[in-house]
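Residue-level structural notes
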Amino acid sequence: MKTKYSLTSRITQRLLVSLSLLMFISSILVYLDARKEVDELFDASLVQTARVLNGLLTLEAIQENKQNLLNALAKKDASLSDFTEAATPLGHKYEKKLFFQIWSVDKKLLLKSTNIHTTPPFIFEQGFRDDVVDGKHWRTFTLFSEKDPFWMIVGERDDIRTELVHNISRDHVLPLLIFIPLFALTVWLLIRSGFKPLHQLVTHVKKQEYDSLESSEIPNTPSEIIELKHALNELFTRLSTSYQRENRFASDAAHEFKNPLAALLIHVDDLLETSDNHEHTASLLNIKKAALQLSHLVNQLLALSRAEASIEPKTRIDLRSICYECYDQLVSKAEHKKQRFSLDIKENNNTIDKIQNEKYIVQADETLLIRSISNLLDNAIRYTPSGGTICLRCFIENDHPHITIEDSGPGIPDTLCDKVLDRFFRISGSGQPGSGLGLSIVQQGANYHDAELLLNPSNLGGLKASFVFEAQK
Amino acid sequence: MRILLVEDDELLGGGICKALQKEAYTVEWLTDGKLALSAALNEEFDLVILDLGLPSMDGVEVLTALRREKCAVPTLVLTARDTVQDKVAGLDAGADDYLVKPFELMELKARIRALSRRSLGQNTSVIEQGRIKLDTSSMEVWLDGDLVVLSRREYALILEFVNHPGRILTRQHLEDIIYGWEGDISSNAIEVHIHNLRKKLDSRLIATIRGIGYRLNEN
């Protein structure tokens, strides 16, 4: 699967992105709205200032008292003469950035506030305008007083507005900026806790073994997951049934083979006892041989299916006793073939080696383990020619208990080492009868005991099969 | 010796029947568990060969019921189930021996002989009773050390006498022993066999108990 993502991060991410986008849009709207409101408010106050001035001043008064007015302005403006950012003690920082000019109809400057030094090329036209004066942006309002004909221009530094709008916008955005990460964290935590039943389900499914599938029992399953849980439980039930059926099938089939086989053997034996025809006897013996082979195959099949089902409980077993048992079972067979069959086990009798003794104890299904080891020994005896050597060893290496079976037989070619473990695989031309199931049973035995089955060339010239168990605590 | 064979597989049952009859055993063959139970309880058998997988009543149930009714007939269990647990369950239910399918005829016969020996308290296959010596494995009979050639039915009769020395065996019992249920016996068939036995062995060996049956004289 290429698309591997976490639902939690994905939902959090998307929420975060869409939220940021929404906030961005809302900030722009707030900014625009604030700008508009501030503009209206300031424009209105600009107009009001103009009208107040207009109401106070008359052309006559200006012309008569020009010098007095200028002096008065200069005096009063002294503390407001520049555009320092600091507020005057009794004022406000926004108040300073205002100016006014009064022009005569023939466009001569009559009066101006002191803080404007250059005379901008004003366009004498009533209404609002944005101008650049002294390199600064100004918002100006021009009024033509008709009663006492003069032009009055009132201006205000634009950056007051900008600053105000910025402040309003910043106050709007700042909490949001703190809020977003908190929001993301909360969402992430909520989703995570929301997905908890799903995680429980995953943990439960992971824990399942193929041969013991259990329905999950998660309390308070949310409706979104309950369907999945039901479906999984149903699947488990079906799987478990079919697994059991498959296991039973092999064992049932093997059982069903036994009756006809028994009948075949009985009838052949019966005929053999009374047959006095040499030719018939030879054929009957062949039939009997085939029947016995078939019966061996059926027994191996049954053993394999039993090993796969692994229904037997494990008990504490000393691996050395398993080796003795297998040795006893097969020693006569090896002797019969005139093979040297040796058993190499280090016995520790003194109490100091008690710990060493403990290392040989494993949790095992005795029947299956004996069957596995004797299958390996039986193979060794069968494939090793008369006069050959077979060696069964049990020892501890790096705390791992080992059981090895070595022989001086033909061994297994490297290329076939994996294949020989397949069911019904037989090396062609070996000339030995067999079911092709022996090593599958051994493999199952190894799996069931968490042991590793290794097939290597032996120093004796043939095969070395090793059972390496886990180190015992 | 009369054997009750309970086996539902036609081929196997037929084979066992045929092979055992050759050994001078009288074999009654049933394929149904319930019928087998009532037959074993109501008639006298020297041995029961019981398959465990049976219709209508499982072999283990038959065995349990038999033992509950204090019927001590030696029982050899035949089964396809070969795990240790199965064997233990069978033996605990009262089986005397256990044979896993498929088996060879020789082994079956040897186990039957061993079981009947055990039930009669004998240690070997050779039984000696007075002047008669009998080898159950080779089916040979000697009188005073001389080999006597007997027919299958004659052998079955003398075996029954030797196994129950001094006991009066009824004609009905002897008929059951050598003919079983299927035999179409003429009214004096037993007399004919007894007559032949007396001729081949010694006329004084088997005494007639008038109106009841026969008895092997112990000396």
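What comes next concerns the included structure. On a predicted model such as this, the values are computed, not experimentally measured, just so you know.

**With respect to the overall build of chain A**
Per the secondary structure count, chain A includes ten helices and twelve strands. In chain A, buried positions account for 25% of the 473 residues.

**Some details on the interface of chain A and chain B**
If you look at the interface, chain A gives 14 residues, while chain B gives 15 residues. Among the elements that make up the side of chain A that touches chain B, the one with the highest residue count is helix α5 (residues 223-274) of chain A (twelve residues). Grouping the amino acids of the side of chain A that touches chain B by side-chain chemistry returns six nonpolar, five polar and three charged.

**Some words on the sheet that holds strand β7 (residues 340-345) of chain A**
Residue and element names in this part refer to chain A. Sheet architecture is open: five strands sit in the order β7-β9-β10-β12-β11, paired in mixed fashion. A single partner strand is all that each edge strand has here, and the edge strands are β7 and β11 (452-457). Going across the sheet, the axis of each strand differs from the next one's by a mean of 15 degrees, ignoring polarity.

**Digging into helix α10 (residues 438-448) of chain A**
Residues and elements named next belong to chain A. For α10, the buried fraction is high: eight of the eleven residues fall into the buried class. All buried positions along α10 are accounted for by Gly438, Leu439, Ser440, Ile441, Val442, Gln444, Gly445 and Ala446. Contacts made by the buried residues of α10 are with α6 (278-309), α9 (366-383), β11 and β12 (463-468). Downstream of α10 by a residue or two, aspartate 450 has a phi angle that is positive, lying close to 50 degrees.

**Regarding the pairing of strand β8 (residues 361-364) of chain A**
All names here are of chain A. Residues of β8 alternate between two faces, with Val362 and Ala364 buried on one and Ile361 and Gln363 left unburied on the opposite face. Examined bridge by bridge, strand β6 (residues 315-318) and β8 share four bridges and lie antiparallel to one another. Among the inter-strand pairings, arginine 316 is bridged to a residue of β8, identified as glutamine 363.

**Section: the sheet that holds strand β5 (residues 97-100) of chain B**
Residues and elements named next belong to chain B. One open sheet holds the five strands; their spatial order is β2-β1-β3-β4-β5, and the pairing between them is parallel. Bordering the open sheet on either side are β2 (26-30) and β5, each of which pairs with just one other strand. Looking at each pair of strands side by side, their axes are set apart by 20 degrees on average, direction ignored. Direction of pairing for strand β1 (residues 2-6) relative to β2: parallel, over a ladder of five bridges. For isoleucine 3, the partnering residue across the bridge sits in β2 and is valine 27. Sitting on the sheet, helix α2 (residues 33-42) is in contact with β1, β2 and β3 (47-51), with an inclination near 160 degrees to β1.

Basis of the calculations
Residues numbered from 1 in each chain as written. Chains lettered and ligands numbered in written order. Predicted model: local features only at pLDDT ≥ 70, side-chain atom pairs only at ≥ 80, totals over all residues. Helix = DSSP H or I, 4+ residues; strand = E, 2+ residues; numbered from the N terminus. Buried ≥ 20, exposed ≤ 12 C-beta atoms within 10 Å, placed from the backbone. Contact = placed C-beta atoms within 7 Å. Nonpolar A, V, L, I, M, F, W, Y, C, P; charged D, E, K, R; others polar. Pairing = 2+ DSSP bridges. Axes fitted to C-alpha atoms, helices over the stretch in contact; angles between N-to-C directions.

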